[in-house]
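A closer look at the structure
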Amino acid sequence: MAEQYMAGVGGVIASLLGFVFLYCSSLIRFRGLKKLNRAASMGFPKKNRVNKTGKSEGVGTADIIIVGAGVAGAALAYSLGKDGRRVRVIERDLNAPNRMAGESLIPGGYLKLIELGLEDCVDEIDAQRLLGYTLYKDGKEAQVSFPLEKFQSHVAGRTFHNGRFVQRLRKKVASLHNISLEQGTVTSLIEENGIVKGVQYKNESGQVLTAYASLTIVCDGCFSNLRRSLCYPKVDIPSYFVGFILTNCNLPTKNYGAIILAHPSPIVFSPISSTEIRCMVNVPSEKVPSVSNGEMACYLKTQVAPKVLPELYDSFISAIEKKGNIRIAPNKIMAAAPHLTPGALLIGDALNMRHAITGGGMTVALSDVVILRDLLRPLHDLSDASTISKYLESFYTLRKPMSSTINILANVLQKVFSASSNPAMENLQHTFLGYLRLGGMFSYGASAMLCGLCPSPLSLAFHFFSIAIYGVGRLLLPFPSPKRLWDGAKLLWVASSTLLPYIYSEGIRQMFFPLTVPAYYRTPPKKDPKRNFMH
């Protein structure tokens, strides 16, 4: 009861502090707005853009070209095709992806699948229901259950093999007659008088082709070779996920993943089929051992395996020893910094990335698809690229509730979970687990954000400051002393210095004051009664 009272008081104080912080930050943001606008109006790099030429063979005109047929591209193509658009999708490789990213879809993302009419894509791929996670630290545990009581029984998270899911999405795309899905590598955007008119690409036989459309949407993933033409990319790689598949074992709680907060690395386990469990070990970028010479296997056996749950230990060791089972993928963080470009738009991981520890990437992508589909629905004429581009600028503000909440939560948690050698961070980890164990509105609110059911930046700020103040209260009990006061001050400093840079990178104004963003009020251009471009 005392801890709940303390957390409640912390919440009130957090609200007051948050208001002061946001007010001051908004003034700073406002004063710097002219400088930011000047920077945005500077000359933009022309990499991966070419002028319109006649040196390549044309393949016809569509309403919309989509570059990439991953989760974002395929879902968007299907949605636009269902709305009657003529869509050309160009994907560099139409074979099933073989990657360990994109294997977790949280409940918020599943709801977006339903909105798009794609919920059956998680059927027939041996997908596993995900109802939450259990966090383990120093012999203690805290269960984070997704708040699904108000939803129908089929609503839950899903975990699966990414390639199976993507192929199901592509099959839905191929079922629509007004969508052309082809394999090819887009090498550049075709530009004429500052307006993107289409793309130049190489097909499977190496032939250089051009395709034209009123709007080109680039969603070619985290390794995008076109993003520099459409945004100001600043990619950070704080860590790598070392992944491998475990067999012949079960997690302690059915339908729950497991996250072990261990030193030197947090470890994540989640089922990806009825017989397989994906293990991902977070390793800082500067300390990644080599796989080829056996250093990685040695690191996993000596440094990580002793922290693994006993029921998983034998399978963990067997998985490490299995030849070719260990894979490494970078955890990339990139805030969205789009450059308004008539005739083109950037979405998905090509635009925005966050740490993969919460599995929220596909949910952000699907949320973006829903928003973009709804923005495009009233547009019957896409030919006026400049007007359409100005109207679609609102997309970057409308996406903020979901994207910024999941981005910040993922990036902050990876930083907190990965710094167990820092005493203040160690205190913050224990505080977070204690906060979750309080139950009620405390764990409910945190888990709702974690699973994408409460996409609210204000709620995120409230809970984070509540956690920090709750942690200070724990440190000061049973009575304050100089050392405890100092430890509490350090915890507050570490918590703030961890959270605030990510808030700033996401855009304070767009996150907390969207009504002050002019683009928020953009309405669809008026339809010309003499023209109708819907087919």
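Refer to the preceding data block for the structure.
Overview of the structure.

Calculation notes
- Residues numbered from 1 in each chain as written.
- Predicted model: local features only at pLDDT ≥ 70, side-chain atom pairs only at ≥ 80, totals over all residues.
- Heavy atoms only, no water.
- Helix = DSSP H or I, 4+ residues; strand = E, 2+ residues; numbered from the N terminus.
- Buried < 20%, exposed > 50% of the residue type's maximum accessible area, 1.4 Å probe, protein only.
- Contact = heavy atoms within 4.5 Å.
- Areas by Shrake-Rupley, 256 points an atom, 1.4 Å probe, with all protein chains shown as cover.
- Salt bridge = Lys/Arg side-chain N within 4 Å of Asp/Glu carboxyl O.
- Core = buried A, V, L, I, M, F, W, Y, C linked by side-chain atoms within 4.5 Å.
- Pairing = 2+ DSSP bridges.
- Axes fitted to C-alpha atoms, helices over the stretch in contact; angles between N-to-C directions.
- Parallel < 35°, antiparallel > 145°, perpendicular 65-115°, else oblique.
- Nonpolar A, V, L, I, M, F, W, Y, C, P; charged D, E, K, R; others polar.
- Disulfide = S-S within 2.5 Å.
- Phe/Tyr/Trp six-rings, centres within 6.5 Å; stacked < 30°, edge-to-face > 60°.
- Lys NZ or Arg CZ within 6 Å of the ring centre and 35° of its normal.
- Patch = residues over 30% accessible without salt bridge, like charges linked within 9 Å, V, L, I, M, F, W, Y side chains within 5 Å.
- Polar contact = N/O pair within 3.5 Å; in protein donor to acceptor, adjacent residues only side chain to side chain.

A look at the overall build of the chain
The helix and strand tally for the chain stands at 16 helices and 17 strands. Within the span of the chain, comprising 535 residues, buried residues form 55% of the whole. In the chain, 76% of the contacts between residues at least 6 apart in sequence involve partners at least 24 apart. Carbon and sulfur atoms make up 57% of the accessible area of the chain, which totals about 23400 Å².

Here's the deal with the pattern of salt bridges
All chains considered together, the criterion is met by 19 salt bridges. A salt bridge links Lys400 to Glu506; its shortest N-O distance comes to 3.2 Å. With a gap of 106 residues between them, Lys400 in helix α11 (residues 400–417) and Glu506 in helix α15 (residues 482–506) connect regions that are remote in the sequence. Here Lys400 and Glu506 have matching classes, each one buried. With a closest N to O distance of 3.9 Å, Lys490 and Asp487 form a salt bridge. Of this pair, Lys490 and Asp487 both sit in helix α15, 3 residues apart, roughly one helical turn. Overall, Lys490 belongs to the partly exposed group, its relative accessible area being 33%. On the basis of relative accessible area, Asp487 is assigned to the buried category, the value being 17%. Connected through shared salt-bridge partners, Asp83, Arg373, Asp374 and Arg377 make up one network.

Points about the nonpolar core
Among the nonpolar cores identified, the biggest contains 128 residues, and Ile66, Phe165, Ile217 and Ile347 are the most heavily contacted of them. Not counting chain neighbours up to four residues away, the residues in contact with Ile217 comprise Ile64, Ile65, Ile66, Val67, Leu76, Leu80, Leu345, Ile347 and Leu372.

A few points about the pairing of strand β3 (residues 87–91)
The side chains of a regular strand alternate between the sheet's two faces. Of all the 5 residues making up β3, 5 are buried; the element is thus mostly covered by neighbouring parts of the structure. On β3, burial covers both faces: Val87, Val89 and Glu91 on one face and Arg88 and Ile90 on the other are all buried. The sheet contact formed by β3 and strand β9 (residues 179–192) spans 5 bridges and is parallel. Its bridge partner lying in β9, Glu91 is registered against Gln183.

With respect to the sheet that holds strand β7 (residues 140–145)
Sheets are built from strands paired through backbone hydrogen bonds, the pairs being either parallel or antiparallel. Taken in spatial order, the 7 strands line up as β7-β6-β13-β14-β15-β12-β16 in an open sheet, and their pairing is mixed. Where the open sheet ends on each side, the last strands, each with one partner, are β7 and β16 (327–333). Going across the sheet, the axis of each strand differs from the next one's by a mean of 25 degrees, ignoring polarity. Of the strands in this sheet, β6 (132–137) and β7 touch helix α12 (residues 423–437), which is tilted by about 135 degrees from β6.

Quick notes on the pairing of strand β11 (residues 208–218)
Most of β11 sits inside the fold, with 9 of its 11 residues counted as buried. The pairing of strand β10 (residues 195–203) with β11 spans 5 bridges and is classified as antiparallel. Note on β11: the bridge partner recorded for Gln200 is Thr210. Here β11 runs beside strand β17 (residues 344–346); their pairing, made up of 3 bridges, is parallel. The partner of Thr216 across the bridge, within β17, is Ala344.

Some points on the packing of α11 against α12
Two elements in contact, α11 and α12, have axes separated by 9 Å at closest approach and are oriented at 120 degrees. Accordingly, the angle class assigned to the pair α11 and α12 is oblique. When α11 is examined against α12, the residues Leu413, Lys415, Val416 and Phe417 are found in contact with a partner set consisting of Met425, Leu428, Gln429 and Phe432. Residues of the contact of α11 with α12, tallied by class, amount to 6 nonpolar, 1 polar and 1 charged.

Description of the state of the cysteines
Working definition: the covalent bond between the sulfur atoms of two cysteines is a disulfide. This model, assessed by the stated rule, comprises 0 disulfides. Cys454 takes part in no disulfide bond, and the closest cysteine sulfur to it belongs to Cys451, at a distance of 9.0 Å.

A word on the packing of aromatic side chains
Using the criterion set out here, one finds 7 aromatic pairs in the structure. Each ring, one from Tyr435 and one from Phe442, has its centre 5.5 Å from the other, and the planes form 65 degrees; the classification is edge-to-face. Both residues of the pair, Tyr435 and Phe442, belong to the buried class. Taken together, the aromatic side chains of Tyr435, Phe442 and Tyr470 make up a single cluster linked through ring pairs. In this structure, Arg158 is placed above the aromatic ring of Tyr110, and the distance from its NZ or CZ to the ring centre is 4.5 Å.

Observations regarding the sheet that holds strand β5 (residues 128–130)
With antiparallel pairing, the 3 strands of this open sheet are ordered in space as β4-β8-β5. Because the sheet does not close on itself, it has two edges, and the strands there are β4 (104–105) and β5. Bridge analysis of β4 against strand β8 (residues 157–159) gives 2 bridges, and the strand direction is antiparallel. Each residue of the ladder has a partner; that of Leu105, found in β8, is Arg158.

Section: a nonpolar patch on the surface
A contiguous nonpolar patch, built from Leu398, Leu515, Tyr520 and Tyr521 and spanning about 390 Å² of accessible area, is present on the exposed surface. Along the chain, Leu398 turns up in helix α10 (residues 395–398).

Digging into the side chain of Ser389
You can see Ser389 is positioned in helix α9 (residues 385–392). With residues near it in sequence (within four places) discarded, Ser389 still touches Leu340, Thr341 and Pro342.

Regarding the side chain of Asn331
Inspection of the secondary structure assignment puts Asn331 in strand β16. Separated by 3.3 Å, the side chains of Asn331 and Asn282 make a polar contact. A polar side-chain atom of Asn331 sits 3.2 Å from a polar atom in the side chain of His355. Apart from the residues within four sequence positions on either side, Asn331 is in contact with Asp236, Ile237, Pro238, Ser239, Tyr240, Phe241, Asn282, His355 and Ala356.

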